[in-house]
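These are the residues of each chain, in order.
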Amino acid sequence: MTGIGRVLVIVYAVMALAATGRSFVQIVRRFDEAPLAYSLSAVAALVYILATLALVLARRRGWYTVAWVAIVFELTGVVIIGALSLLHPELFLHDTVWSLFGRGYLFIPLVLPVFGIWWLRTHRPAAAEGLVERAEVKA
C-alpha cells in the first residue's frame, strides 16, 4: 500500500474509533433525545469499521469489492442524511457524524468517501485490472 493509501486507512481508522465511541455514548446516555440521529451514528461507525478493514485487505480477493460497496454506501448515506438533516432539522437535534453533510466534522464524512472512491479507482488489485482488460478486449 502506498503512502496515500496508508493515510486513507489511518483516517478511516480514526473516524471508525471516533464514531464508535461517540455513538456508544450517545446511545447509552442520550438516545431518547434523537433516536434516528444516534442510530445513524452507530451505522456510520459500522461502515467506517468495515471500510477500514476492507481497505487494509483490498489486495485480497473479494475485499476490494467490499471496500467499494462500503465506501459507496457511506457516500450515499452522507448525501441522503445530509439532505434529510437540512429538510428536517428537528430529527437531528445535535450534530452527528452524518448530519449537515458532516459540517460539524469539517465535512470529512463527505470528502473522505470521495477520496476513497478515487483511491480505489486508481489502485485496482492486479486481478481486478486483468478482468477489466479482458472485458475491454471482448467488447
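This text goes with the structure placed above it.
Positions within a chain are numbered from 1, following the residues in the order the chain's sequence is written. Owing to the predicted nature of the model, reporting of local features is limited to residues with pLDDT of at least 70; listing and counting of side-chain atom pairs is limited to 80 or more, with chain, interface and lining totals taken over all residues. Hydrogen atoms and water are omitted, and side-chain values are computed over all heavy atoms in the structure.

(A) Here's a closer look at the overall build of the protein. To qualify as a helix, a DSSP run of H or I must reach at least 4 residues; to qualify as a strand, a run of E must reach at least 2; elements of each kind are numbered from the N terminus. When helices and strands are counted, the protein shows five helices and zero strands. Traced from its N-terminal end to its C-terminal end, the protein shows the element sequence α-α-α-α-α. For the protein, buried positions account for 38% of its 139 residues. The method behind every accessible area is Shrake-Rupley, applied with a 1.4 Å probe, and residues are considered shielded solely by the protein chains displayed. Surface summary for the protein: the accessible area is close to 8100 Å², and the carbon and sulfur share equals 71%. Throughout this description, buried means an accessible area under 20% of the type-specific maximum (1.4 Å probe, protein chains only), exposed means over 50%, and partly exposed covers the range between.

(B) Here's a closer look at helix α1 (residues 3-30). Given a rise of 1.5 Å per residue, 28 residues ought to cover 40 Å, and the 39 Å separating the end C-alpha atoms of α1 matches this to within 8%. Along α1, the residues classified as buried are G5, L8, V9, Y12, M15, A16, A19, S23 and Q26. Lining the buried residues of α1 we find α2 (35-56), α3 (63-87) and α4 (108-122). Take the residue count of a helix, subtract one, and multiply by 1.5 Å to get its expected span. The contact rule is simple, with two residues in contact once any of their heavy atoms fall within 4.5 Å.

(C) Spatial organisation of the side chain of Q26. You can see Q26 is positioned in helix α1. Throughout this description, a polar contact denotes any pair of N or O atoms lying within 3.5 Å of each other; where both atoms belong to protein, one of them has to be capable of donating a hydrogen while the other can accept it, and for residues adjacent in sequence the pair is counted only when both atoms sit in side chains. Reaching out from Q26, the side chain makes a polar contact with the side chain of S41 at a distance of 3.4 Å.

(D) Just α4, in detail. Here α4 contains 15 residues, and its C-alpha end-to-end distance of 21 Å stays within 8% of the 21 Å for a straight helix at 1.5 Å per residue. By the burial criterion, the buried members of α4 are P109, L112, P113, G116, I117, W119 and L120. All buried residues of α4 project into a common sector of 165° when viewed along the axis, lining one side. Turned more than 90 degrees away from the buried face of α4 sit V111 and R121, all of them exposed. Buried residues along α4 sit in contact with α1, α2 and α3. Working definition: the arc comes from the directions between the helix axis and the C-beta atoms, pointing outward to the latter.

(E) Fine view of the environment of Y64. Looking at the secondary structure, you find Y64 in helix α3. Separated by 13 residues in the primary sequence, Y64 and A51 have C-alpha atoms spaced 10.0 Å apart. With sequence-adjacent residues up to four places away left out, Y64 is seen in contact with A58, L120, R121, H123, R124 and P125. Within polar-contact distance, the side chain of Y64 engages the backbone oxygen of L120 at 2.6 Å.

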